[in-house]
Every structure is written in C-alpha cells, then in structure tokens.
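Residue-level listing of the chains:
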Amino acid sequence: MLSKYQFCIMLLLPGLLWAAGERFTLNPVSPRSIRVGQESRLSLCHQGQPTVEVVYPGKASPVAKYAAEEVALRLSQAFNCDIKPVTVASGSVPAIILGDQELAAKHGLDLNALDRDGYYIKTFPNYCLIIGRDDPNGRPGKRTGYYERATLFGAYEFLERFLGVRYYFPGEIGTVVPEYQNFALPDIDLTDRPDNQYRSIYTVQLGKGKYLYPGLEPADISRESNLQLRQNTRRIPNCHGINGLQLPQRFAKEHPEYFALRANGTREDGTGGVRSDSVYGHVCFSAPGLKNEIYLDAEALLLGKSHKDRGLPRSWANHHEAPFFNLMPNDAMARCQCDGCRPYFQSKDPQQTSDFIWSWYCDIAKRLKDNNIPGYVTTMAYDVYRPIPTLDLPDNIIVMLAQSGPWREFGPNKDKDDALVAAWKNKLGAKLYLWTYPTKIGSMLPGIPNVAPRATASYFKRQAPHIFGAFYEAETDVWLFGHLNYYVFSKLMWDNDTDVDALLQEYCRLMYGPAEQEMLEFFDSLEKHWIQDVLTNFYDTPEGPKTALPSLHEVWTKIFSPAECARLTALLDQAEQKTAAVPKAAARVKFMRTELWQHVEDGFAHYQKTISDISAWKTVMPETKTEIIPDGKLDEADWQDAPWIGLIPRVVNTVKEDEPAEVHTRIKMLHDQQFFYFAFICEEPNTEAMAEVQRQFDEIELWKDNVVEIFLAANHQSRIVYQFMIGSSGCRTDLRKSPGHLGKEWN
C-alpha cells in the first residue's frame, strides 16, 4: 500500500505550496545507515584539556544555535571546562559544526532526501558535521510546537551515541553526562530518521509543586521533555475535528436540521448540553446540506484558501492543517434521533451503526478524491465507529484507532485488541496510527505509581508492523511516576528494534551506580503492582476504555501491604547505603525516595486516617414505628424524630479551601422489616437554570446530571456495591456493581 500512497502524493504535490522535502509517507523512505569506525580520529579532549570548538554558522537557524548550545553544554560538563559556541571555525582544533547547509551541500548531503526529522552525522579530517532540516521560525528555547528541528535531534543522537549522555527526564538529576580525561571520535557516517512519523506523549501540567518536581519551572520541564524525547514535529490532526468548524455559530439559526435531534425535539446546536464541549454542537449525519458544507470546508483547507472564504474562525487550524482535514465528530457524540439517523443508532447490530458513520466519512473523502483535491481525511476509529466498516474505504482516509494500549498487557482482551489493529491495517491496505490510554488521572488511586516501561515496550513492539506512530495519553498525578514509560515509548517510536531490557538495565546502572540491582528490582516491583495487581478489570465506554479499580482496602492491605511497603523501603535503604560514596548516584536515589516513593507512603498514611474517620463517622438508621408513605412530605412522626445527616461538601468543589459551600444537602434515613427509606433535602437557588436531560432507564451517563446517589454495601471491604441514581428529571439508574462489571441487568 505504500506504493499507492506514494503514487497518490506524486500526482498531488504540484497543487500544494509545500516546502521541498515536506512529503508525507506512512513508511520511512530514507535509509537508516550507521557506519562507525574502530579507530579514534578526532581528539576532543586530551589529558583533561578540551581540544574542540562548537560551531554554528552566523546565518544558521535558531534550531541550529540551540543545538550548538546543547552540545557545548554537555561537552563542558563531560570535559570539566567551559565551551561557548562560535559562529566561525578557527581551524586550529577539531570542530563540531551544527546546521551548516552550505557545508552539507559541499559534501553532497541532500537534506531533501531525508524523511522528516532525519539527520546526518558525518566526520571529516578536522570536523564533525551534524545537520538536518530545520524550520527557520522554530524557537526551541521558547516553545516546542510543530516545526522541523532535525539538527537538534542529530545533536541529541551525537551526544547519546558517542558521548554517553542520557536524557531520562529534564534537569540535573535526570540527565547523565559521563566525565572524560581523554576523548576522541572515530570515523562517523550516520544517516538516521524515525521509524514512526507520529510520536506524541500527552501529560497534563497541573502546576509547580503539585504535579511536577523541583528544580525546573513546569513549562521548562514540558518543553525540554518534548525536545529531548524527540516527539513528532508534524501535526496530523485526528481528534474531534468537527469542534473546529464552529457549526453552531455558522448554521444554527438558518439550518437547525444540521444538528443532532434530541429525544425531546430540541437540537444539539450548542445550547442546553451537559458536557462542556456541547457548545460545539453535534451533527445530524443524515443532513445532506451539512455534509456539503463540511466538504466545502475540507476543499478550502486542502487547497490553501483563507479561513475567511468559508466564514471560519482562524482557530480552525487547531483541528485541521494541510494536507490533513479532520472529520472526527465531537466527544461523547450525540446519537441523532431524526428519522434518518435513529434506526442506525438504535440498531442492535454495531456493524450497522459503524457503517452508517463511515459512509458519511467516505462520501466526503471520495468527493475530494474525485475532484482531485490533494491531501487526506483523518479520523479516529472510536466509540460506535470503532468497528471496521464493511464498505470500501478510499485511500485518502487516514485512521487513528483508539486502543487501551499498554495497560491491558495482562488483560483478557489483549489478543482481541491486537487482532483489531492488524485487521484495520488490512482493511486500509496501509498503516494506521493509535490513540492509546496509559493514563492515570488524579482520582485513579492517587499516590500509586503507574510505572510500566516493560508493558509499554511489549505493547508497541507488537504493533510496530501495523502503525506509523501513536499518541500516548499519559495523565498522571505525579509526573515522575511515568518518566520511564515516556523514555521507553520515545525510544521505541524512533527505533522499533530498541532492546528495552538493555535500556532499563542501563538506566539503573547510569542513574544509580552501585545500587543498580536494588533500583531495578524497585522499579520492576512497582510495574508488577500497577500492571498485574491494580489493572486487572477493564470495560469499554463511549469515551474510551476504563478500569474497574481495586478497593483502597485491597490496595493497602494486599497490593501495597505493610509487608510489601517495608520490602520496597528496604530496597531504597540498601540503595542509599551502596551509593553513600558516590554523590551523584546517592542524590538520585534520595530524589526518587522523596519525589516518587514518598507519595506511596503518604497514600498509606491517608488510608489509615480514612479508615479511622470511617470508624468515627457513624450514624443510625432508626426503625419505623408506623407505616411510611414515600410521598416526599416527611410528615410522619418517624420522619420528625429521625436525625438529619449533613453531607460535607468536597473541598475541591469550592473556590477556596476556607470558603463555605453556598448550598447544602441533608438526608434522613429509616428502615422497617422490608425497606430502607431515604429522604433528601437538596438546596438549589437556581432551579430555572438546571439542565434536565431525558435519558433511558439505567443509562450510566445519568451521573453527569443533577442527581442524588445511594450506594449500599455490606461493609467497606465489600466487592459488591448497589448503586442508585435518581435525577431531578425523574430519570433513574440502578446497578449491582462488582469489579469489572457494571451490572446494568440488575433491577
């Protein structure tokens, strides 16, 4: 299929205003060639004295200048000196020259023959040249963004491969720079590029001191990590592209039929929705007029027309960028209830529903292709349109498949998930890319490390033949929990053949020196607990795969039991003892103890306090003396005598920690021999503004509305919980929940 994509591109390129070398391919085209001699040639340091200069041409790009500064910094640290980059080589000592295009041309190094992000590293009699394509407007010192910076990637490769530098995470603690008294380069003739075009890690920055680690500003940690891990430099929009078209602002008044019909007869036109992104509207897939408007939007973008030609906001570039037009619907896609859409969304056959959505994509993509419009339509295979459609897909569609990813390495659907990736590639006749969910939001067992580099490696090595990249959605409550995950992912995305076992062994050796084995056992133990003990029950939702988590009782009495916590603490004690005479290694062990392991110890302490609070916070459900009529009036004597229970508002729901809640909820409870009775008083001063969404019985999404909920369990260790939701709209849901099972069939 690569040849088909290349042939298509060769026909379409003349119609695009792309810079030379801006081709897009789903497979690497330029070769990976690494030839390194055995003998030392260029001496950079002799008997503790540096014999090297770092050079970037005066007219070089800011990327080349930044790369030169990085090389000079690391050479200075390695040789214990102070090297400053210069713009002209003196010729008196060997030079490391970065980003010199004229010199590259002189030696026949064709930058346009390289894949995007590819570079050359080549030695000559008195210098080593490092160069790739750089965007002249790129500013690595200020932002990352989507711009070419291949010379910088070449600089990182040079430092890692030949000097032994390692960028495990930004900052002094996470960067390893070996020291040398004598150092010389061999003959080098290296051409490299990534195996995967798309290499993206997503971590939410929640602010200094709350989420990241001391030593750097949060923005610098994010920026430097993005650069050092060589994340992708080309935007391939894939996520909720319909958001960027501002359909409600453009069409809601004159064409309400363009928007999904709700069961109550209103439209999903940016008003009255429950989700925050409902302001973007949800589409009716049966509206031919809307399909034509979106086609015209795609045509305008792919032909390079101004956003003003279509009445579009400048911000549409956040979701679309030539040569890609993103057709994916909005998140939590509304199921339109019009006569044209309803039969497909209510169908019990998921294939019929998926085919319905994909036929909409195909109609737009085929029309673009038939009209010789260059570029691609992108979308995710997600929600009800994740199943592979039965209809033929035009070859200008690029698909991103939503997959659980590394978290399911020991899950029951691992083989099924793998088969789906391979089947999608077979359907497309070309590689796809993945959106994976190795995520750990703050409410997902906060304080428990989601260390999983081996699972990350195992998963992406299997997918390598089928994909041209992946999105690694890695929210977590502590950034350091995932630092090895990010490092391994980035190395594999660049080179599918990376030996990850050797990579992790090297990490522990270079970071922790004499404590290599203790720290390897420590991190392997954390991964085993996360992947095999915590992530044991999974289920799929319209918003992606989710995990049924073990109870806190299970976490702190079985997984991170007192005995296991003592064992892991002992490993850190041993590591500290072994590194006592090695200051850098000792500092790193202490750092991990303070910035990573301390969160586990704090979590255990919090659990103990919570258990104590549960024991203290008890109330009584009195037994009734007379018949109770559940009419909401609470006029029986038993209700009058029952104590009120005041629910305490969560601090995170108030503006300030010391600011009292404006409204309160109070409860009374009674029981007789047959029934439990609950009475809720819910204060709400703005009832006229309350959104009441009409939902089906047992609809899980009811929790997003205005509801009261009751959870019943035999005790705090129970694995079975009964949950009742009653909405202000009158909608109801009841569930009998157990690990990995929602229990909707129970009524």
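Going by the structure above, here's the rest.
Residues numbered from 1 in each chain as written. Predicted model: local features only at pLDDT ≥ 70, side-chain atom pairs only at ≥ 80, totals over all residues. Heavy atoms only, no water.

Considerations on the side chain of N238
- Checked against the element boundaries, N238 lands in the loop between α5 (218-228) and α6 (247-251).
- Overall, N238 belongs to the buried group, its relative accessible area being 5%.
- A distance of 3.4 Å separates the side chain of N238 from the side chain of Y198, its partner in a polar contact.
- Only 3.1 Å separates the side chain of N238 from the backbone oxygen of I236, close enough to count as a polar contact.
- Beyond its immediate chain neighbours, meaning those up to four positions away, N238 contacts Y198, N326, M328, T378, T379, M380, M400, Y433 and W435. (Helix = DSSP H or I, 4+ residues; strand = E, 2+ residues; numbered from the N terminus. Buried < 20%, exposed > 50% of the residue type's maximum accessible area, 1.4 Å probe, protein only. Polar contact = N/O pair within 3.5 Å; in protein donor to acceptor, adjacent residues only side chain to side chain. Contact = heavy atoms within 4.5 Å.)

Considering the packing of helix α2 (residues 62-79) against helix α4 (residues 150-163)
- Contact geometry of α2 with α4 gives a least axis separation of 8 Å together with a crossing angle of 20 degrees. By the angle between their axes, α2 is roughly parallel relative to α4. Considering the relative orientation of α2 and α4, their crossing is right-handed. Mapping the contact onto sequence places V63, A64, Y66, A67, E70, V71, R74, L75, A78 and F79 in α2 and T151, L152, A155, Y156, F158, L159 and L163 in α4. (Axes fitted to C-alpha atoms, helices over the stretch in contact; angles between N-to-C directions. Parallel < 35°, antiparallel > 145°, perpendicular 65-115°, else oblique. Left-handed = near helix turned anticlockwise from the far one by under 90°.)

Details of the nonpolar core
- Counting 138 residues, the largest nonpolar core has W424, Y512, M519, F522, F523, F560 and M592 as the members making the most contacts within it.
- With nine residues, the top contributor of residues to this core is helix α9 (residues 350-370).
- Setting aside anything within four residues of it in sequence, one finds F522 in contact with L568, L571, L572, L596 and W597.
- In this structure, L44, V52, C128 and L185 belong to the second largest nonpolar core, which totals 40 residues. (Core = buried A, V, L, I, M, F, W, Y, C linked by side-chain atoms within 4.5 Å.)

Points about helix α12 (residues 483-494)
- Here α12 contains 12 residues, and its C-alpha end-to-end distance of 17 Å stays within 8% of the 16 Å for a straight helix at 1.5 Å per residue.
- Within the span of α12, buried status applies to H483, L484, N485, Y486, Y487, V488, F489, S490, K491, L492, M493 and W494. (Expected span 1.5 Å × (residues − 1).)

Focus on the environment of A470
- Position of A470 relative to the elements: it lies in strand β15 (residues 467-473).
- Here A470 falls in the buried class, since its relative accessible area comes to 0%.
- In this structure, the C-alpha to C-alpha distance between A470 and F489, residues 19 residues apart in sequence, is 9.3 Å.
- Sequence-distant contacts of A470, that is, excluding residues within four places in its chain, are made with Y198, R199, S200, L434, F460, F489 and M493.

Some details on the sheet that holds strand β3 (residues 53-55)
- In spatial order, the strands read β2-β1-β9-β5-β6-β4-β3; together these seven strands make up an open sheet with mixed pairing. Of all the strands in the sheet, just β2 (49-50) and β3 have a single pairing partner and so form its edges.
- As judged from the six bridges shared by strand β5 (residues 119-124) and strand β6 (residues 127-132), these two strands associate in the antiparallel manner. Looking at β6, one finds that K122 is bridged to L129. (Pairing = 2+ DSSP bridges.)

Regarding the packing of aromatic side chains
- Using the criterion set out here, one finds 50 aromatic pairs in the structure.
- Pairing Y361 with Y385 gives two aromatic rings, centres 6.0 Å apart and planes at 85 degrees, and the pair type is edge-to-face. One end of the pair, Y361, is in helix α9; the other, Y385, is in the loop between β12 (376-381) and β13 (397-403), and 24 residues separate them in sequence. Neither Y361 nor Y385 differs from the other in exposure class; each is buried.
- Relative to F604, the ring of W556 has its centre 5.8 Å away and its plane inclined at 65 degrees; by these criteria the two rings are edge-to-face. With W556 in helix α15 (residues 552-559) and F604 in helix α17 (residues 583-616), the pair connects residues that are 48 residues apart, well separated along the chain.
- On the accessibility criterion, W556 (3% relative accessible area) is buried. (Phe/Tyr/Trp six-rings, centres within 6.5 Å; stacked < 30°, edge-to-face > 60°.)

Some remarks on the sheet that holds strand β22 (residues 721-727)
- Spatially, three strands are ordered β21-β22-β23 in an open sheet, and the strand pairing comes out antiparallel. The open sheet is flanked by β21 (707-712) and β23 (732-737), the only strands paired with a single partner. The average angle at which neighbouring strand axes cross in this sheet is 10 degrees, direction not considered.
- Taken together, the six bridges between β22 and β23 define a ladder with antiparallel strand orientation. The residue of β23 that forms the bridge with I726 is R732.

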